[in-house]
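# Chains, contacts and geometry: an overview
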Amino acid sequence: IGIPHDELDNIFNRFYQVDSSHTMEGNGLGLSLVKKILDKIKGSINVYSEIDTGTTLIFELQCRSY
């Protein structure tokens, strides 16, 4: 369904849920945990969202060559 642009800065905060009606399951920890892990391993996450279209999350991880 998309995330309003003014809420995108908050989606990585613990316990934050965009859907304030609580019609969706979840406790607001998923993206905060993912972000914390990616920060620790020097990865990144980018979010692209458009209302009435949807949201895309792109995760990038560093690859070491041995």
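Everything in this summary refers to the structure shown in the same document. (Residues numbered from 1 in each chain as written. Predicted model: local features only at pLDDT ≥ 70, side-chain atom pairs only at ≥ 80, totals over all residues. Heavy atoms only, no water.)

## Looking at the overall build of the protein
Secondary structure assignment for the protein yields one helix and two strands. Computed over C-alpha atoms, the radius of gyration of the protein comes to 14 Å, more than 25% over the 11 Å expected from 2.2 N^0.38 for 66 residues, which places it beyond the range of a compact globule. The principal-axis extent of the C-alpha atoms belonging to the protein is close to 50 × 25 × 20 Å. The buried share of the protein, taken over its 66 residues, is 17%. Partitioning the contacts of the protein with sequence separation of at least 6, the portion at a separation of at least 24 is 30%. On the protein, roughly 5,600 Å² of surface is accessible, and the fraction owed to carbon and sulfur atoms is 54%. (Helix = DSSP H or I, 4+ residues; strand = E, 2+ residues; numbered from the N terminus. Rg over C-alpha atoms; globule rule 2.2 N^0.38 Å. Buried < 20%, exposed > 50% of the residue type's maximum accessible area, 1.4 Å probe, protein only. Contact = heavy atoms within 4.5 Å. Areas by Shrake-Rupley, 256 points an atom, 1.4 Å probe, with all protein chains shown as cover.)

## Concerning the layout of surface pockets
With a probe scaled to a water molecule rolled over the atoms, the places where space remains empty come into view. Its volume calculated, the largest pocket comes out at about 540 Å³. Along its surface, the largest pocket is lined by 20 residues, and Ile3, Gln17, Val18, Asp19 and Leu31 are the ones closest to its centre. Broken down by secondary-structure element, the contributors of at least two residues to the lining of the largest pocket are helix 1 (30–40) and strand 2 (54–60). For the lining of the largest pocket, the element with the highest residue contribution is helix 1, accounting for three residues. The residue makeup of the lining of the largest pocket, split by class, is nine nonpolar, nine polar and two charged. (1 Å grid on protein atoms, 1.4 Å probe; cavity = no way out; pocket = protein on both sides within 12 Å on 5 of 7 lines; lining within 4 Å. Points joined across faces, edges and corners; volume = space filled by probe spheres on them. Nonpolar A, V, L, I, M, F, W, Y, C, P; charged D, E, K, R; others polar.)

## Some remarks on the pairing of strand 2
Bridging between strand 1 (residues 44–50) and strand 2 involves seven bridges; their strand directions are antiparallel. If you follow Asn46 over to strand 2, its bridge partner there is Ile58. Counting the residues in the hairpin turn of strand 1 and strand 2 gives three residues, including Asp52, whose phi is positive at 65°. (Pairing = 2+ DSSP bridges.)

## Some points on the pattern of salt bridges
Any two side chains of opposite charge can pair if their charged atoms end up close together. Under the criterion given, the structure shown has one salt bridge. Taking the shortest distance from any N to any O, the salt bridge between Lys35 and Asp39 comes out at 3.0 Å. Taken together, the positions of Lys35 and Asp39, both in helix 1 and four residues apart, correspond to about one turn of that helix. (Salt bridge = Lys/Arg side-chain N within 4 Å of Asp/Glu carboxyl O.)

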